[in-house]
Amino acid sequence: HIEVIQPNHGPTSGNIEIKMTGTNFGALDASSQHWVIFGKANSQWSKKLPVTLKVLKDLTNDKTNNPKETASFILPMKYGVNHEIVLQIDPAAGDTVYSNAIEFNYNPPKIKRLNTEDGSKPGELLLSVAGEDFCVSTGCGQLFLNGQEIPVISWTHTSIKTFVTVTSGTIQVGVDRNFFEK
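Fair warning: this is a prediction, and the values are worked out from it, not measured in the lab. (Residues numbered from 1 in each chain as written. Predicted model: local features only at pLDDT ≥ 70, side-chain atom pairs only at ≥ 80, totals over all residues. Heavy atoms only, no water.)

A. Region of the structure containing the nonpolar core. Counting residues in each nonpolar core, the largest one holds 18 residues, and the members touching the most others are M20, V36, F38, F73, I85 and F104. The contacts of V36, once residues within four sequence positions are left out, are M20, K47, K48, L49, V51, F73, I85, V86 and L87. Among the nonpolar cores identified, the runner-up in size contains 13 residues, and V129, C135, C140 and L143 belong to it. (Core = buried A, V, L, I, M, F, W, Y, C linked by side-chain atoms within 4.5 Å. Buried < 20%, exposed > 50% of the residue type's maximum accessible area, 1.4 Å probe, protein only. Contact = heavy atoms within 4.5 Å.)

B. The packing of aromatic side chains, seen in detail. Summed over the entire model, instances satisfying the criterion amount to 4 aromatic pairs. Here a set of aromatic residues connected by ring pairs shows up, and it is made of F38, F73, F104 and Y106. (Phe/Tyr/Trp six-rings, centres within 6.5 Å; stacked < 30°, edge-to-face > 60°.)

C. Quick look at the pairing of strand β11 (residues 110-118). With 8 bridges connecting them, β11 and strand β12 (residues 124-132) associate as antiparallel partners. Note that in β12 the partner of D118 across the bridge is L125. A loop of 5 residues connects β11 with β12, the two strands running antiparallel in sequence, and G123 in this loop sits at a positive phi of about 80 degrees. (Pairing = 2+ DSSP bridges. Helix = DSSP H or I, 4+ residues; strand = E, 2+ residues; numbered from the N terminus.)

D. Representation of the sheet that holds strand β15 (residues 154-155). Strand order in the open sheet made by the 4 strands is β11-β12-β16-β15, with antiparallel pairing throughout. Where the open sheet ends on each side, the last strands, each with one partner, are β11 and β15. Both β12 and strand β16 (residues 159-165) contribute to a ladder of 7 bridges, which runs antiparallel. Across the sheet, the residue bridging to L126 is F163, located in β16.

E. Highlighting the side chain of E69. Here E69 lies in strand β7 (residues 67-74). By relative accessible area, E69 is classed as buried at 4%. Within the local environment of E69, its side chain forms a polar contact with the backbone nitrogen of F25, the two atoms lying 2.7 Å apart. (Polar contact = N/O pair within 3.5 Å; in protein donor to acceptor, adjacent residues only side chain to side chain.)

Structure below.
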C-alpha cells in the first residue's frame, strides 16, 4: 500500500529520484521482482520502470504493525498531469500483486525570460523564450504570440526559438502543453 510519494511533482526532463513510502511492497521477499508502472495500465503512455526497495526497520504501520518500506525509481522524461503510479510485485510463487495507484504531476511550463535579436530579414526578430518544463519538443506543446499559435524553429525543456515580425507595441507570449490522456 503506497501511502506517500515524494516529490509528487517533477520536471519534464525527468531524471530525479521519486520515493514512495508504504507497506507490503514485498521488500522482505528476496525472490520477488518489483516494478513501477508509470502511467495508466495498458495506456500507450505507460512505462514499466525498475525500482529499488528498502525496509525502514525503525518504522511500522500503526494499524497493522507491518514494517514501512520505500520504493524508489528514476522519473522518466514526460509531461502532463494525473499520471498514475502503481507498484507491481511479482513473487517467485503466486500471482502478481499491484499496489494502490497514486497520482503524479509534471511541473507546468514556466517562462523566465524573453530575448530578441535581429532576424535575417527586415522587420524580423529571433524571439528566444527561456524557462523550464516546456517538454522536449514541439510534439508536446505550442508557442503562442498574442493568442495565436506560431511555428517554432527549436524547442527544448528550457528554450524555445522562433522568428516573429513585430512592427511596434507590446506582445503577449505563452507556452501551452498538450497533456497525456489518463
